[in-house]
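# Structural characterization, general
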Amino acid sequence: MRTNNNVMQIVLMLFLLSINSSLALADELKPPAILVTQDGTKVSVTWSSVPNASGYQLFYAPFPFTGPESIKSVDMGNTTSGSIELWDGAAFIVAVKAHNDTNSSDFSNIELFILSKAPLLDPDAPPVTGDWYKPPVAITWQWQLKGEVNTNHPAKLYDIDLFNSSPSLINTLKASGKKVICYFSAGSFEDSREDKDKFKAAELGNTLVDKPDERWLDIRSHNVAEIMISRLNLALLKGCDGVEPDNMDAYANNSGFDISARDQLAFNKFIANEAHKRGLSVGLKNDIEQTPDLINYFDFSVNEQCHEFHECNMLTGFIANGKPVLNAEYQQSYLDNPVERQALCDSSNGAQFSTLILPKELDDSQRFSCF
């Protein structure tokens, strides 16, 4: 599937094509907030009622975007919802505007959906094929999830937080020739995230070791899967080139759920395939033991401390398949001891790994690149 990853351009086109003279007064009507839900191949769109609005207009365009002529609109009257039965694989971008006799609001939030009537979680699902960003072996990279992102490192790939990174930051990085991978946790609940209220209490398991603010998720839940689809859509809409889904090894931890190895394969393959359907590159994080079963589904590996824990040999399959291993080491002695640091880098470079020595907080307070 060939896609235009910079959906922000599509959103801008949608805005520009629908501007009319009444927009000069747009601040008199607040834009509605829309929510898209799906059940198999049935999609429903609901939106908030806007004071002083007499009606609403629904805008939609197919994804991948095929040109300005593909943007359509429907007069929804004064209703605040609509649903339609589509087809397996149908993909659209939608937005809503409110209006009255003299005025029109700005657009609502822009939402993307890709429908599927097939089971979401299938351990035997084949990999999706297509054309998306595939980073090369030994690529230079930077990983920063906390603090104001330092855009000045000489790295070709940046891995930054999905929720905390603005589209303008992502566009700035991309304009400088860098690729952008967006981090989110696919296997754990974080109380600080903006979509936290979408999770059900029964889907929240035990607290993660060393992370008291995170709880394991029941990755067998279709509701959890739908939330992850929304996160992938957000990555696409923000302009990310790919994603780093974290905590992909609940089955190997004390999650509080009876999650099997096949459950984990089903979830991880689902994440990879849904990312690829959206033209997003995707990396395998954690779950090093299932690498042989997942290597054909993921475009790169993000690893922590394989040198410290003597696990790097389990990742060489990525290199053999032309896929990079983005490795981070946190041991302070690698920074303090030049001999130990050189030995680490010699080993890493010999294996063609992309190794950084970073603070565990990933806040850019210190950084050393082996290449």
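Starting afresh in each chain, residues are numbered from 1 along the sequence in its written order. pLDDT decides what is reported in this predicted model: residues at 70 or higher carry local features, side-chain atom pairs at 80 or more are listed and counted, and totals for whole chains, interfaces and linings draw on all residues regardless. Hydrogens are left out, water is left out, and the side-chain values use all remaining heavy atoms of the structure.

This brings us to the state of the cysteines. Pairs of cysteine sulfur atoms within 2.5 Å are identified as disulfides in what follows. Taken as a whole, this structure holds three disulfides when the rule is applied. In this model, Cys182 is linked to Cys240 through a disulfide, with the two sulfur atoms separated by 2.0 Å. Of note, the bridge from Cys182 to Cys240 carries an S-S torsion of about -90° and is left-handed in sense. A residue pair is termed long-range when its members are at least 10 positions apart, and Cys182 in strand E10 (residues 179-185) and Cys240 in the loop between helix H3 (222-238) and strand E14 (242-246) qualify at 58 residues. For each residue, the accessible area found with a 1.4 Å probe, counting protein chains only, is set against the maximum for its type, and the residue is called buried under 20%, exposed over 50%, and partly exposed in between. In this structure Cys182 comes out as buried when scored by relative accessible area, which is 0%. Here Cys345 engages in a disulfide with Cys370; their sulfurs sit 2.0 Å apart. One quick way to see it: the torsion about the S-S bond of Cys345 and Cys370 is about -70°, and its sign makes the bridge left-handed. Placement of the pair is Cys345 in helix H8 (residues 338-350) and Cys370 in the segment after strand E19 (368-369), with a sequence separation of 25 residues. Both residues of the pair, Cys345 and Cys370, belong to the buried class. A run of DSSP states H or I qualifies as a helix once it reaches four residues; a run of E qualifies as a strand once it reaches two. Both are numbered from the N-terminal end.

Moving on, we get to the sheet that holds strand E2 (residues 42-47). Sheets are built from strands paired through backbone hydrogen bonds, the pairs being either parallel or antiparallel. The three strands are arranged E1-E2-E5 in an open sheet whose pairing can be described as antiparallel. Of all strands in the sheet, those bounded by a partner on one side alone are strand E1 (34-39) and strand E5 (81-85). For this sheet, the mean angle separating the axes of adjacent strands, direction not counted, is 15°. Two strands make a pair as long as DSSP finds a minimum of two bridges between them. As paired elements, E1 and E2 share six bridges and run antiparallel to each other. Each residue of the ladder has a partner; that of Ile34, found in E2, is Trp47. Lines fitted to C-alpha atoms define the axes, with helix axes restricted to the stretch in contact, and inter-axis angles between N-to-C directions lie between 0 and 180 degrees.

Quick look at unusual backbone geometry now. The step from Phe63 to Pro64 runs through a cis peptide bond, and the omega angle for that step is 0°. Mapped onto the elements, Pro64 comes out in the loop between strand E3 (55-62) and strand E4 (72-75). One non-glycine residue, Ala138, lies in positive phi territory at about 65°. Inspection of the secondary structure puts Ala138 in the loop between strand E7 (111-114) and strand E8 (141-144). Despite not being glycine, Leu362 has its phi angle at roughly 50°, a positive value. What makes Leu362 buried here is its relative accessible area of 6%.

Shape descriptors only; they carry no functional weight alone.
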